[in-house]
Amino acid sequence: MKLVVVSAGLSVPSSTRLLADRLAAATGRYTSIDVQVVELRDLAVEIAHNFTSGFPGRALSAALEAVTEADGLIVVTPVFSASYSGLFKSFFDVLDQDALTGKPVLIAATGGSARHSLVLEHALRPLFAYLRAVVVPTAVYAASEDWGAEGLAERIDRAAGELGRLMEGLGSGAGAGAVRRADVADAAGAADKADASVVVDTDTAAAIAPRSLDGALASAGRFTVIPFEQQLAALRP
């Protein structure tokens, strides 16, 4: 399977790229993957020209195609002004709005302070939910003090395991219980009409739903549908 890593780091060397590489290596321990890295730093000029001309350059076009055809994504951004970087957002702005539908995505970020760790939940996760990607439950944030400290390696491994299992579950070759991304896209479209319900394959529900929601899962054919009201009820004490 093809894993594409999108890194929005600007410096060389880059802690953002380092985190991206560690996440990709960890994912490879859970499933067989071919990794391609997209460095947004190298595409900055073409991304800007795409906004003004409406047409991607050769390198940007290849990067967009790679992301569209990937079986899974790892996306990593540095934190700028308490959110993702403008370069990171601009890349996904020029990507086709349906390109990530049903695609497994692991979100991650780097920053100088642990105080910005919630950027994963208030900025990145809503962005990829809007793009109808399937975002793994564990997101990874690495502050400057996290490198070499306890906890980061465990978070990387947990998130990579979730991505690897999800790629296996949604891949077309994962066996009789697998569901194709096209099926997930159809289900996601139905969920849009069902007041923000979550639709997942019943065989992979445990991998992409929080443990606190396990008791609220209700099987419906090949898919498990979790109405928003049930999600809230499951989280109450």
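Residues numbered from 1 in each chain as written. Predicted model: local features only at pLDDT ≥ 70, side-chain atom pairs only at ≥ 80, totals over all residues. Heavy atoms only, no water.

Which parts of the structure should I look at to understand unusual backbone geometry?
Peptide bonds are mostly trans, and most non-glycine residues show a negative phi. For the peptide bond that leads from Val12 to Pro13, omega is 0°, which places it in the cis range. Mapped onto the fold, Pro13 is located in the loop between β1 (2–7) and α1 (15–27). The backbone of Ser81 sits at a positive phi, close to 50°, despite the residue not being glycine. Summarising the element assignment, Ser81 is placed in the loop between β3 (72–80) and β4 (83–84). What makes Ser81 exposed here is its relative accessible area of 78%. Positive phi outside glycine occurs at Arg132, with the angle close to 65°. Among the structural elements, Arg132 can be located in the loop between α5 (119–130) and β6 (134–135). A residue is classified by how much of its surface remains accessible, and Arg132, at 28% relative accessible area, is partly exposed. (Helix = DSSP H or I, 4+ residues; strand = E, 2+ residues; numbered from the N terminus. Buried < 20%, exposed > 50% of the residue type's maximum accessible area, 1.4 Å probe, protein only.)

Could you clarify how one ought to interpret the pattern of salt bridges in this entry?
Should the charged atoms of two oppositely charged side chains come close, the side chains can pair. Following the criterion strictly, the structure yields nine salt bridges and no others. Close ionic contact of Asp42 with Arg41 constitutes a salt bridge, the shortest N to O distance being 3.8 Å. The class of Asp42 is exposed, set by a relative accessible area of 58%. A relative accessible area of 27% places Arg41 in the partly exposed class. A salt bridge links Glu121 to Arg125, with the shortest nitrogen-to-oxygen separation between them at 2.7 Å. In this pair, Glu121 and Arg125 both sit in helix α5, four residues apart, roughly one turn of the helix. Judged by its relative accessible area of 40%, Glu121 falls in the partly exposed class. Via salt bridges that share partners, Arg17, Asp21, Glu39, Arg41 and Asp42 belong to a single interconnected network. (Salt bridge = Lys/Arg side-chain N within 4 Å of Asp/Glu carboxyl O.)

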